[in-house]
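Here's the letter readout for the chains.
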Amino acid sequence: MALSMYQASVPQFKKMLTNLSVILKKAEEHATAHKIDPKVFLEARLYPNMFPLTKQIQIACDQPKNGFARLAGIEPPKFEDKEASFAELYERIAKTITFIDTIKPEQIDGSEGKEIKFSILEWNFEFIGDQYLLTWIIPNFYFHITTAYNILRHNGVDIGKSDYLGR
């Protein structure tokens with residue numbers, strides 16, 4: 001039995017965003033226990049030309065928020081990208097999950113052939129619904145979740161594969 005677009009994506013996005021909150025909590029606890037300024041983690045990057053942890057979380061949240069809104073043909077909520085603390089990152093993740101929970105299966109299922117067009121800075125993108133989900137939303141989401149995990153792991157936070165995947 002083939003999964004619908006909704007079934008194949010929404011539950012997994014919610015699970016991974018929840019796992020991301022758990023990983024961030026471990027990072028916050030690690031910073032407190034080791035008397036590390038939280039900004040050390042929040043501003044950490046894997047390489048100078050890569051985004052810091054806060055931006056990785058923002059983009060990870062934007063992928064399902066904007067993606068599901070486009071597929072459903074609705075306006076996504078606007079988030080300011082001003083998070084500067086663990087608490088604000090938890091809040092952003094929670095707001096993203098809350099928005100995802102408003103999306104009904106019938107708003108996503110049947111959008112496989114929908115034309116999706118959008119721009120980011122000077123780049124213009126055109127997709128068909130199922131390819132948008134499979135080749136844009138999902139890979140970008142996992143890239144930024146994984147990069148956030150890697151930033152924290154690289155900086156000594158005691159997290160592992162079970163934290164990433166959830167229990």
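Look above for the structure.
Residues numbered from 1 in each chain as written. Predicted model: local features only at pLDDT ≥ 70, side-chain atom pairs only at ≥ 80, totals over all residues. Heavy atoms only, no water.

A.B. asks: So what's going on with the packing of aromatic side chains? Residues and values would help.
C.D. replies: Applying the stated rule across the entire model yields 12 aromatic pairs. Here the aromatic rings of Phe127 and Trp136 are separated by 5.8 Å at their centres, their planes lie at 50 degrees, and the arrangement is tilted. Grouped by ring-pair contacts, the aromatic residues Phe118, Phe125, Phe127, Tyr132 and Trp136 constitute a single cluster. One cation-aromatic arrangement involves Lys65 over Phe79; the distance from NZ or CZ to the ring centre is 4.9 Å. The ring of Phe79 carries the charged tip of Lys95 above its face, separated from the ring centre by 4.4 Å. (Phe/Tyr/Trp six-rings, centres within 6.5 Å; stacked < 30°, edge-to-face > 60°. Lys NZ or Arg CZ within 6 Å of the ring centre and 35° of its normal.)

A.B. asks: Tell me about the environment of Gly110, residues and numbers included.
C.D. replies: Relative to the helices and strands, Gly110 is located in the loop between α5 (105–108) and β1 (115–120). Using a relative accessible area of 65% as the deciding quantity, one classes Gly110 as exposed. Separated by 21 residues in the primary sequence, Gly110 and Leu89 have C-alpha atoms spaced 33 Å apart. (Helix = DSSP H or I, 4+ residues; strand = E, 2+ residues; numbered from the N terminus. Buried < 20%, exposed > 50% of the residue type's maximum accessible area, 1.4 Å probe, protein only.)

A.B. asks: Account for the packing of helix α1 (residues 5–33) against helix α6 (residues 129–154), naming residues and giving values.
C.D. replies: The interhelical angle for the contact between α1 and α6, taken along N-to-C directions, is 15 degrees, at an axis separation of 11 Å. Considering their axes alone, α1 and α6 lie roughly parallel with respect to each other. The element α1 and its partner α6 pack so that their crossing is left-handed. Between α1 and α6, the residues in contact are Met5, Ser9, Gln12, Phe13, Met16, Leu17, Leu20, Ile23, Leu24 and Ala27 and Gly129, Asp130, Leu133, Ile137, Ile138, Phe141, Tyr142, Ile145, Ala148, Tyr149 and Leu152, respectively. (Axes fitted to C-alpha atoms, helices over the stretch in contact; angles between N-to-C directions. Parallel < 35°, antiparallel > 145°, perpendicular 65-115°, else oblique. Left-handed = near helix turned anticlockwise from the far one by under 90°. Contact = heavy atoms within 4.5 Å.)

A.B. asks: Hey, could you go over the pairing of strand β2 (residues 123–128) for me, with residue numbers and the actual values?
C.D. replies: Across six bridges, β1 lies against β2 in antiparallel orientation. The partner of Ile116 across the bridge, within β2, is Phe127. Joining the antiparallel neighbours β1 and β2 is a turn of two residues, in which Leu121 adopts a positive phi near 55 degrees. (Pairing = 2+ DSSP bridges.)

A.B. asks: Please set out the nonpolar core residue by residue, giving values where relevant.
C.D. replies: In this structure, Leu24, Ile57, Phe68 and Leu152 are the most contacted members of the largest nonpolar core, which totals 47 residues. At 11 residues, α1 tops the list of elements feeding residues into this core. In contact with Leu152, not counting residues within four places along its chain, are Ile23, Leu24, Ala27, Phe41, Leu53, Val157 and Ile159. (Core = buried A, V, L, I, M, F, W, Y, C linked by side-chain atoms within 4.5 Å.)

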